[in-house]
Amino acid sequence: MSASPSSIPVPKTPVRVRIAPSPTGDPHVGTAYIALFNLAFARSHGGQFVLRIEDTDQKRSSSESEAAILKSLSWCGLQWDEGPDVGGPYGPYRQSERSDLYIAHCEQLIASARAYRCFCSAERLTEVRAAQRAAGVDWRYDGHCRNHDPAASKARADTGETHVIRLAMPTEGTTAVPDALRGAVIYDNHRVDDQILLKSDGLPTYHLANVVDDHLMEITHVIRAEEWINSTPKHMELYDAFGWEPPVFIHMPLLRNADKSKISKRKNPVSLDYYQRSGILPEAFVNFLSLLGYSMPDEREVFTFAEFVADLDLSRISLGGPVFDRVKLEHINGLYLRAMTPAQLANRAAAWLEEDGRQEAIAELVQERVPTLASWNQQIDMFHRGTVSWGEDARHLLVGCGSRKKKSVRLDAKRSRLMFEDLIAQLEALKPWQRDGIEAALRASVTKAGALIGDGFMAVRVAISGSTASPGLFESIETLGRAVTLVRLRAAVDWLRGKGHLETEIAGLEKRLAALRTSQERLIEAQSAGGRFDPREN
Ligand code: GLU
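What you see is a predicted model, and the numbers here were worked out from it, not measured in a lab.

Chemist: Help me out: how do you make sense of the site of the ligand in this one?
Modeler: Around the ligand, the neighbouring residues are Arg18, Ala20, Ser22, Glu54, Tyr206, Asn210, Arg224 and Trp228. Interatomic distance of 2.8 Å between a backbone N/O atom of Ala20 and a nitrogen atom of the ligand. Look at the ligand: alone it shows 300 Å² of surface, and the protein chains cover 83% of it. A per-class count over the shell around the ligand returns three nonpolar, two polar and three charged.

What follows is the structure, encoded as structure tokens:
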């Protein structure tokens, strides 16, 4: 290895980096962040950028999620040189298509006694776990099967007995994880688990597949999120067991919410889809991502990807958790928009709507509601923004508010919040994202909350559209898409948790009190006049 101008060691062989997303959900801003630094590093060294799909968790992985990740990264302009869609000399690029390789490598580790077969039942492991918890020690597999005779273990496996394969992690000494930004991070081996490498279904865990693939794909630098650093001692052990040279590790700082906690969908929209739908320019988004934990040598804030690549020096990365600040993102986006000529801006806005690809679906939804073309923009507005504000209509977010069947106003923010939370959980997991499933989820949440269907639907309608009058509820949610719908539902939960709902409840009570006062005054008036009073006239 030789030192690069940026003090990150660079081997003699061409630089090869990768992004390795697991297709288990919406495309995440963190994936784009890591992809950006990988791609820029590859470009700055004339290297290759690989996209590998880590779909070893078959239960949680979906092709829908994989397609969405590819689409969003393309939207960002973070184009890979090799990957499942474009192919390349190191394929296949989807781990589910590489199973045989992992099994063969595991056999190799067993033969050299660096891994072993483990036949422990789930019940036994639960007992061990409980005993370790009672003794106040961290979970670590107790090595029950580690010293079994390998030939006898093989014979048991050959009879079809269920088993996994574990890494025989040294129980003494330390493992140094060399990180290019942190120096060596030292781990006590006795605290590192005998990691399962191959599951009982014959599929690899992340650790085995990741190391085997990084080696076979000749990855020179692993640039990934900080959250993986604690897995790296296991990876170092695997590199050693295979006799391979490990890549250079660069663990990027974790993105944070404004309160400095790890970025999370509860506090920040994290889906790339959301930012595309909210009208953020991809080049402004990528510019904003480049500034997270990083600064240009001259501190300038606005620059192109090519300029970023030209000046890239990964040793300038600061490890103090960068905050994903949406206000700053919009500020940068605004700078890009203002730098355009009016004609460019108009073209860009038109292209954004055109590329959106939902025009026809939206037209079908609002067709009944547009008396003139002039009302078009107003009707489609809810589909082309990130969030909505519900103003006066907020009171409908309280389930039961305004219910016609029961005359009283039922002020029940807690019940409403539980309904929204249940709906969010259901919609997060809903596959496929289609009208029928959305309707079923909605009905179930409203019923579970014990609300009237009409009230519950109205609350959700206001949350997702900002108005009591929107196109068909289920179709609207389907067309809005998962990312934007969930952001709006979470905003409703926040509102119900915060003092906003209290103000609405107080306003409702004040209205009722005023009505009661008027009735009372009229009653007194009527009594003193000796007449009859019917409160229903009120
Ligand atoms: N599959 C892992 C993820 O989802 C990859 C981590 C790594 O880059 O090693 O982020």
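Chemist: Is there a simple way to think about the pattern of salt bridges in this case?
Modeler: Think of it this way: side chains of opposite charge can pair up when their charged atoms draw near. For the structure on display, the rule yields 41 salt bridges. A salt bridge links Glu107 to Arg117, with the nearest nitrogen and oxygen atoms 3.7 Å apart. Pair noted here: Glu107 is in helix H3 (residues 99-111) and Arg117 is in strand S5 (residues 115-118), with a separation of 10 residues, a long-range link. With relative accessibility at 8%, the residue Arg117 sits in the buried group. Bridged by salt links that share partners, the residues Arg18, Arg52, Glu54, Arg98, Asp213 and Asp214 form one connected network.

Chemist: How do you make sense of the packing of helix H17 (residues 453-465) against helix H19 (residues 482-497) when you look at a structure like this?
Modeler: It is the contact of H17 with H19, at a shortest axis distance of 8 Å, that shows an interaxial angle of 115°. In this view, H17 runs roughly perpendicular relative to H19, as classed from their interaxial angle. The chirality of how H17 crosses H19 is right-handed. In this structure, H17 uses Val460, Ala463 and Ile464 to contact H19, whose residues at the interface are Thr485, Arg488, Leu489 and Ala492. Among the residues forming the contact of H17 with H19, the class breakdown is five nonpolar, one polar and one charged.

Chemist: Would you take a moment to explain the side chain of Glu54 for this structure?
Modeler: Following the sequence through the fold, Glu54 ends up in the loop between strand S4 (48-51) and helix H2 (63-75). On the basis of relative accessible area, Glu54 is assigned to the buried category, the value being 5%. Polar side-chain contacts of Glu54 include one of 3.2 Å to the side chain of Gln95. In this structure the side chain of Glu54 is engaged in a polar contact, spanning 3.0 Å, whose partner is the side chain of Asn210. Excluding residues that lie within four positions of it along the chain, Glu54 makes contacts with Ala20, Pro21, Ser22, Pro23, Gln95, Tyr206 and Asn210.

Chemist: Honestly, helix H11 (residues 326-338) in this entry has me stumped. Any pointers?
Modeler: Structurally, the α-helix is built with 3.6 residues per turn, so residues lying three or four positions apart point the same way. With 13 residues, H11 should reach 18 Å at 1.5 Å per residue; the first-to-last C-alpha distance of 18 Å fits that figure. Along H11, the positions that sit buried rather than exposed are Leu329, Ile332, Asn333, Gly334 and Tyr336. On its buried face, H11 sits against helix H8 (272-277) and helix H9 (282-290). A side-chain oxygen of the first residue of H11 lies 2.9 Å from the backbone nitrogen of Val327; this N-cap is Asp325.

Chemist: Got a minute to help me understand the confidence of the model for the protein in this structure?
Modeler: Low pLDDT marks regions whose predicted coordinates should not be analysed in detail. Mean pLDDT over the protein works out to 91, with 93% of the residues at or above the 70 mark. Note on residues 1-5: pLDDT under 50 across the span, and 10 contacts to partners over four residues away in sequence or across chains.

Reading guide: rules and limits
Residues numbered from 1 in each chain as written. Predicted model: local features only at pLDDT ≥ 70, side-chain atom pairs only at ≥ 80, totals over all residues. Heavy atoms only, no water. Near = heavy atom within 4 Å. Polar contact = N/O pair within 3.5 Å; in protein donor to acceptor, adjacent residues only side chain to side chain. Areas by Shrake-Rupley, 256 points an atom, 1.4 Å probe, with all protein chains shown as cover. Nonpolar A, V, L, I, M, F, W, Y, C, P; charged D, E, K, R; others polar. Salt bridge = Lys/Arg side-chain N within 4 Å of Asp/Glu carboxyl O. Helix = DSSP H or I, 4+ residues; strand = E, 2+ residues; numbered from the N terminus. Buried < 20%, exposed > 50% of the residue type's maximum accessible area, 1.4 Å probe, protein only. Axes fitted to C-alpha atoms, helices over the stretch in contact; angles between N-to-C directions. Parallel < 35°, antiparallel > 145°, perpendicular 65-115°, else oblique. Left-handed = near helix turned anticlockwise from the far one by under 90°. Contact = heavy atoms within 4.5 Å. Expected span 1.5 Å × (residues − 1). pLDDT = per-residue confidence, 0-100.

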